[in-house]
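If you want the building blocks of each chain, they are given just below.
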Amino acid sequence: YFKRKVNELKVRCPNKSLGCDWVGELCSLDRHLSQNSVEGECQFVTVACPHSCGDSFQRRQLEGHKANDCPNRPFTCQHCNYEATYTKVTNEHWAICKKYPMECPNKCGESVIERQHLPKHLE
């Protein structure tokens, strides 16, 4: 009886000073504060990036990081649709991508030649 009554007590989120207005039953506090980026509700809890980049953010900032800033976010080469992390595509793949647009080294005026067609263009 007492345990149920205690679990039904209304409590505020400990992150109220950071801006969280949540008020709920004590038994729901653990779920609210969960650091699991999917299960937790509190937008002011610090959570680790799910792409294992090593950074941590308040949950409310995580979506922006995952979409725009994380070097390990999934990324697709817009030239050939190769999929890897943002870092791998931009730092490694683009240097060898056969469809990457190249500028003619002879300055002929053609500025969009796929890498795979450059040798023929230079003949």
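Quantities reported herein were computed from a predicted structural model and do not represent experimental measurements.

Engineer: Describe the nonpolar core, with residues and values.
Structural biologist: Among the nonpolar cores identified, the biggest contains nine residues, and these are Cys 13, Cys 20, Trp 22, Leu 29, Cys 42, Phe 44, Val 45, Val 47 and Leu 62. Core analysis: the next-biggest nonpolar cluster, separate from the first, contains five residues, Cys 77, Ala 84, Val 89 and Cys 97 among them.

Engineer: Help me get a handle on helix α3 (residues 59-69), residues and values and all.
Structural biologist: Arg 59, Leu 62 and His 65 are the residues of α3 that are buried. The buried side chains of α3 occupy one side of the element, clustering within an arc of 85° when seen end-on. Set apart from the buried face of α3 by more than 90 degrees, the exposed residues are Glu 63, Ala 67 and Asn 68. Tucked inside the fold, the buried residues of α3 contact α2 (29-33), β3 (46-48) and β4 (56-58).

Engineer: Which residues make up the packing of aromatic side chains, and what are the values?
Structural biologist: Enumeration over the complete set of coordinates arrives at three aromatic pairs. Ring plane angle 85° and centroid distance 4.9 Å describe the contact between Phe 75 and Tyr 86, whose orientation is recorded as edge-to-face. Of this pair, Phe 75 sits in strand β5 (residues 74-76) while Tyr 86 sits in helix α4 (residues 86-91), and the two are 11 residues apart along the sequence. With relative accessibility at 22%, the residue Phe 75 sits in the partly exposed group. On the basis of relative accessibility, which here comes to 30%, the residue Tyr 86 falls in the partly exposed class. Centre to centre, the rings of Phe 75 and Trp 94 are 6.4 Å apart; their planes meet at 65°, and the pair counts as edge-to-face. Here the residue Phe 75 occupies a position in strand β5, and Trp 94 occupies one in the loop between α4 and β7 (101-102), the gap between them amounting to 19 residues. One aromatic cluster in this structure is built from Phe 75, Tyr 86, Trp 94 and Tyr 100. One residue, Arg 73, lies across the ring of Tyr 86, its end atom 3.9 Å from the ring centre.

Engineer: I'd like to hear about a nonpolar patch on the surface, residue by residue, with values.
Structural biologist: A cluster of nonpolar side chains, contributed by Val 6, Leu 9 and Leu 26, occupies part of the molecular surface with about 230 Å² of accessible area. By the element assignment, Leu 26 lies in the loop between β2 (23-25) and α2.

Engineer: Break down the side chain of Gln 58 for me, citing the residues and quoting the values.
Structural biologist: On the secondary structure map, Gln 58 appears in strand β4. Given the relative accessible area of 16%, Gln 58 is considered buried. Of the polar contacts made by the side chain of Gln 58, one reaches the side chain of Arg 60; its length is 2.7 Å.

Conventions adopted
- Residues numbered from 1 in each chain as written.
- Predicted model: local features only at pLDDT ≥ 70, side-chain atom pairs only at ≥ 80, totals over all residues.
- Heavy atoms only, no water.
- Core = buried A, V, L, I, M, F, W, Y, C linked by side-chain atoms within 4.5 Å.
- Buried < 20%, exposed > 50% of the residue type's maximum accessible area, 1.4 Å probe, protein only.
- Helix = DSSP H or I, 4+ residues; strand = E, 2+ residues; numbered from the N terminus.
- Arc of directions from axis to C-beta.
- Contact = heavy atoms within 4.5 Å.
- Phe/Tyr/Trp six-rings, centres within 6.5 Å; stacked < 30°, edge-to-face > 60°.
- Lys NZ or Arg CZ within 6 Å of the ring centre and 35° of its normal.
- Patch = residues over 30% accessible without salt bridge, like charges linked within 9 Å, V, L, I, M, F, W, Y side chains within 5 Å.
- Areas by Shrake-Rupley, 256 points an atom, 1.4 Å probe, with all protein chains shown as cover.
- Salt bridge = Lys/Arg side-chain N within 4 Å of Asp/Glu carboxyl O.
- Polar contact = N/O pair within 3.5 Å; in protein donor to acceptor, adjacent residues only side chain to side chain.

Such coordinate-based values are descriptive only and should not be taken to indicate function.
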